[in-house]
Amino acid sequence: MAISKQLLVFFSLVFFNLSFSWAAPDPTYQSLLQCLSEIIPSPNVSAVIVSNNNPSFASILESRIHNARFNRTSTLKPTIIITPSDESHVSAAVICSQKVGFQLKIRSGGHDYEALSYTSDKPFFLLDMYNLRDVSIDIPDESAWVQTGATLGELYYHIWEKSNVHGFPAGVCPTVGVGGHIGSAGYGTMIRKYGLTTDYVIDAKIVDVNGKILDRKAMGEDLFWAIRGAGGANFGVVTAYKIKLVKVPEKVTVFRVERFLDNNGTEVAFKWQTVGATTDPNLFTRMLLQPNTKDKQKTVKVTVMGLYLGDINGLLTLLNKDFPELRLNKENCTEMPWIDSVIWWANFDLGTPPNVLLDRNNKDTKFVKRKSDYVQTPIPRDGLESLWQKMVQNEKVGLTCNSYGGKMDEIDPKETAFPHRKGNLYKIQYSINWDDPSNEADIKYTTQAKTVHEFMTQFVSKNPRRAYLNYRDIDIGSAKTWSYEEGKVYGESYFAENFDRLVDVKTAVDPNNFFRNEQSIPPRSTKMA
């Protein structure tokens, strides 16, 4: 049957309109592009923004996602990723995101365990700092400027290029972004000798809510105090830190000792709790508690590993006196340059060249959950025995215990925004990883983490129960309206007595709460941009 001329015209118009709608540029993208073009004097502004229909969008987004739980089909992705390569681009992004009416999330390395820096339940733009990664080392001044999109590995590598007797007291994972790590306190294997990563920030550059680029003098001491330990993304976009380097010996010593419960594991764990925090500050130790199977029996493996800023003989003399239960011997120890100890702590083989620290690729993304605690009184032996039983029942949850004391006991908790210092023996990270993408697995394994964490309530800090911001944990609480009362729930866990001062700083610099996430510092008023 012939189709009438009128129907042909009708179908032609429908097809034309559909084709136009498919080809039509996204109005949000166009509005952002126009705004950025008015501020950034460059013909290539479009190269800075990547819409979610761009072929490169998925690879840019996923290359810095380190928790597969937040890379599901159901996860709300950013509408646009902004990839600045200059501070002026950051300034423009802050101004234009507000003008277009979108929330702006800020990501550096992507190790954010709850993905609050790159996910949301409402449409948002992602400011990915990946291209802002310059590292400038000044050995005569023993300082460096490092942009917040750099990784710790890149920072360590560039220090090593210039000196074999300088280092920086930061974390052991080389792909962690400088921005989140330093801003939220940061720590590493030199914490007992030198303190926190953020203690070595001597200047910074931040883009405020008005798009102004401020250094320490321009931002003022209150804001400079806040961005050292409370996360810069609460208050603006930190683009760079000036850091003070520290001295390291030409040779340091690392070691690793494993014990099971049937080979004095409980005695080692019990004694470590006090020795780790009271021994020579040149020694940092980490105790790993891991469910395991030995001779077909479920048990717990106790591993003590450490970094000593000195030689093997000095370490053996020290630990044979302070910690004979460990039975450390020369075969457990290896002397090496400090940069090689960085590589060793990152779980690379001995002899791996330092350029491995420049590898930013995300090769093996797991589904993960993390929680944290602080311990101020040693867990008694019978308490450890009950913990072993709980770990065997929840057989994927491990505990990583990091020794405190030393320099951490000397710094006032109000000196920076990070308060968890004197009086803590060690910090615990609860870890669980899995590969199964199903919702059932997610519920099962996150429940295991919560179960062990809840069991530990009797042994850890109280009123408030304290937590570490860089081990982000949404179970502590989250903001829906960003009221003071909501923020106080998680804010006092992360910041203790410093929370109210942080609220005052937030109110002064970002009263309309443009810079926010589900666990951010609220202003006194909850009116939002």
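Calculation criteria
- Residues numbered from 1 in each chain as written.
- Predicted model: local features only at pLDDT ≥ 70, side-chain atom pairs only at ≥ 80, totals over all residues.
- Heavy atoms only, no water.
- Salt bridge = Lys/Arg side-chain N within 4 Å of Asp/Glu carboxyl O.
- Helix = DSSP H or I, 4+ residues; strand = E, 2+ residues; numbered from the N terminus.
- UniProt positions renumbered as here; feature names shortened; annotations may be inferred.
- Buried < 20%, exposed > 50% of the residue type's maximum accessible area, 1.4 Å probe, protein only.
- Contact = heavy atoms within 4.5 Å.
- Disulfide = S-S within 2.5 Å.
- Core = buried A, V, L, I, M, F, W, Y, C linked by side-chain atoms within 4.5 Å.
- 1 Å grid on protein atoms, 1.4 Å probe; cavity = no way out; pocket = protein on both sides within 12 Å on 5 of 7 lines; lining within 4 Å.
- Points joined across faces, edges and corners; volume = space filled by probe spheres on them.
- Nonpolar A, V, L, I, M, F, W, Y, C, P; charged D, E, K, R; others polar.
- Pairing = 2+ DSSP bridges.
- Axes fitted to C-alpha atoms, helices over the stretch in contact; angles between N-to-C directions.
- Domains from an automatic or database assignment.
- Buried area = accessible area lost by both parts, 1.4 Å probe.
- Expected span 1.5 Å × (residues − 1).
- Bend = angle between axes of the 7 residues up to and from the residue.

Trainee: Just to check I follow, could you spell out the pattern of salt bridges for this structure?
Mentor: Following the criterion strictly, the structure yields 32 salt bridges and no others. Its salt-bridge partner being Arg 421, residue Asp 199 comes within 2.7 Å of it at the nearest N-O pair. Here Asp 199, found in the loop between helix H7 (191-194) and strand E8 (201-207), pairs with Arg 421, found in the loop between strand E17 (398-403) and strand E18 (426-434); they are 222 residues apart in sequence, far enough to count as distant. Three or more residues joined by partner-sharing salt bridges are found here, namely Glu 114, Lys 369, Lys 371, Asp 473 and Asp 475.

Trainee: Could you clarify how one ought to interpret the UniProt feature "domain: FAD-binding PCMH-type" (unreviewed entry) in the protein in this entry?
Mentor: UniProt marks residues 74-248 with the feature "domain: FAD-binding PCMH-type" (unreviewed entry), using the numbering shown here. Note that residues 74-248 is 26% helix and 25% strand, and that its end C-alpha atoms are spaced 47 Å apart.

Trainee: I would appreciate a short explanation of the side chain of Thr 151 in the present structure.
Mentor: Looking at where Thr 151 falls in the secondary structure, it is placed in the loop between strand E6 (143-147) and helix H5 (152-162). By relative accessible area, Thr 151 is classed as buried at 2%. Residues within four places of Thr 151 in sequence aside, it is in contact with Pro 174, Thr 175, Val 176, Gly 177, Val 178, Leu 357 and Arg 360.

Trainee: Honestly, the state of the cysteines in this entry has me stumped. Any pointers?
Mentor: Note on terminology: disulfide describes a covalent bond linking the sulfur atoms of two cysteines. All chains considered together, the criterion is met by one disulfide. Bridging Cys 35 to Cys 96, the disulfide has an S-S length of 2.1 Å. Between Cys 35 and Cys 96, the S-S torsion sits near -85°, and that sign places the bridge as left-handed. Here Cys 96 lies in helix H4 (residues 87-100) and Cys 35 lies in helix H2 (residues 27-39), a separation of 61 residues in the sequence.

Trainee: Help me understand the nonpolar core, please; the structure alone is not making it clear to me.
Mentor: Buried together is how nonpolar side chains tend to be arranged in soluble globular proteins. Grouped together as the largest cluster of nonpolar side chains are 78 residues, with contacts concentrated most on Tyr 156, Phe 168, Ile 227, Phe 235, Tyr 241, Ile 243 and Leu 502. Top contributing element to this core by residue count: helix H12 (residues 338-345), with six residues. Beyond its immediate sequence surroundings of up to four residues, Phe 168 is in contact with Leu 155, Tyr 156, Ile 159, Ile 182, Met 190, Thr 197, Tyr 200, Ile 243, Lys 244, Val 246 and Trp 338. The next biggest cluster of nonpolar side chains, apart from the first, holds 48 residues, and it includes Leu 399, Cys 401, Tyr 426 and Ile 428.

Trainee: I'm lost on empty space enclosed by the protein in this one. Help?
Mentor: Vacant regions in the atomic arrangement are exposed by a probe of water-molecule size rolled over the atoms. Applying the stated criterion to the full structure yields four cavities of 30 Å³ or more. In this model, the largest cavity occupies a volume close to 90 Å³. Lining the largest cavity are 14 residues, and of these Tyr 156, Ala 170, Thr 189, Trp 338 and Val 342 lie nearest its centre. Broken down by element, the lining of the largest cavity gets its largest block of residues, four residues, from H12. A per-class count over the lining of the largest cavity returns 10 nonpolar, four polar and no charged.

Trainee: Where do I start with the sheet that holds strand E10 (residues 237-244) in this structure?
Mentor: The strands making up a sheet associate through backbone hydrogen bonding, with each pair oriented either parallel or antiparallel. Pairing is antiparallel across the open sheet formed by five strands, whose spatial order is E5-E6-E10-E8-E9. Whereas interior strands pair on both sides, the edge strands pair on one side only; in this sheet they are strand E5 (135-138) and strand E9 (213-214). Sheet topology note: the E8/E10 ladder contains six bridges and is antiparallel. Among the inter-strand pairings, Val 207 is bridged to a residue of E10, identified as Val 237. Sitting on the sheet, H5 is in contact with E5, E6 and E10, with an inclination near 35° to E5.

Trainee: What is the right way to look at the layout of surface pockets in this model?
Mentor: As a volume, the second largest pocket reaches approximately 640 Å³. Leu 116, Thr 119, Ser 120, Asp 121 and Glu 518 are the residues nearest the centre of the second largest pocket, which is lined by 26 residues in total. The leading source of residues in the lining of the second largest pocket is helix H14 (residues 439-455), at four residues. Here the lining of the second largest pocket is composed, by residue class, of seven nonpolar, seven polar and 12 charged.

Trainee: When you look at the domain arrangement of the protein in this model, what are you seeing that I'm missing?
Mentor: It is common to give the size of an interface as the accessible area that goes away when the parts come together. Assigned domains of the protein: these are domain 1 (29-128), domain 2 (135-247), domain 3 (252-336 + 366-456) and domain 4 (477-528). Taking the mean C-alpha position of each, domain 1 and domain 2 sit 23 Å from one another. Contact with domain 1, which involves 13 residues of that partner, is made by 19 residues of domain 2. For the pairing of domain 1 and domain 2, the buried interface totals around 1100 Å² over both sides, and the portion due to carbon and sulfur atoms is 66%.

Trainee: Would you explain helix H10 (residues 265-278) in this entry?
Mentor: Residue pairs spaced three or four apart in an α-helix point in one direction, given the helix's 3.6 residues per turn. In a regular helix each residue adds 1.5 Å, so 14 residues correspond to 20 Å; H10 covers 20 Å between its end C-alpha atoms and thus fits that length. The principal kink in H10, of about 40°, is found at Trp 272. Those residues of H10 that fall on the buried side of the exposure criterion are Gly 265, Thr 266, Val 268, Ala 269, Trp 272, Gln 273, Val 275, Gly 276 and Ala 277.

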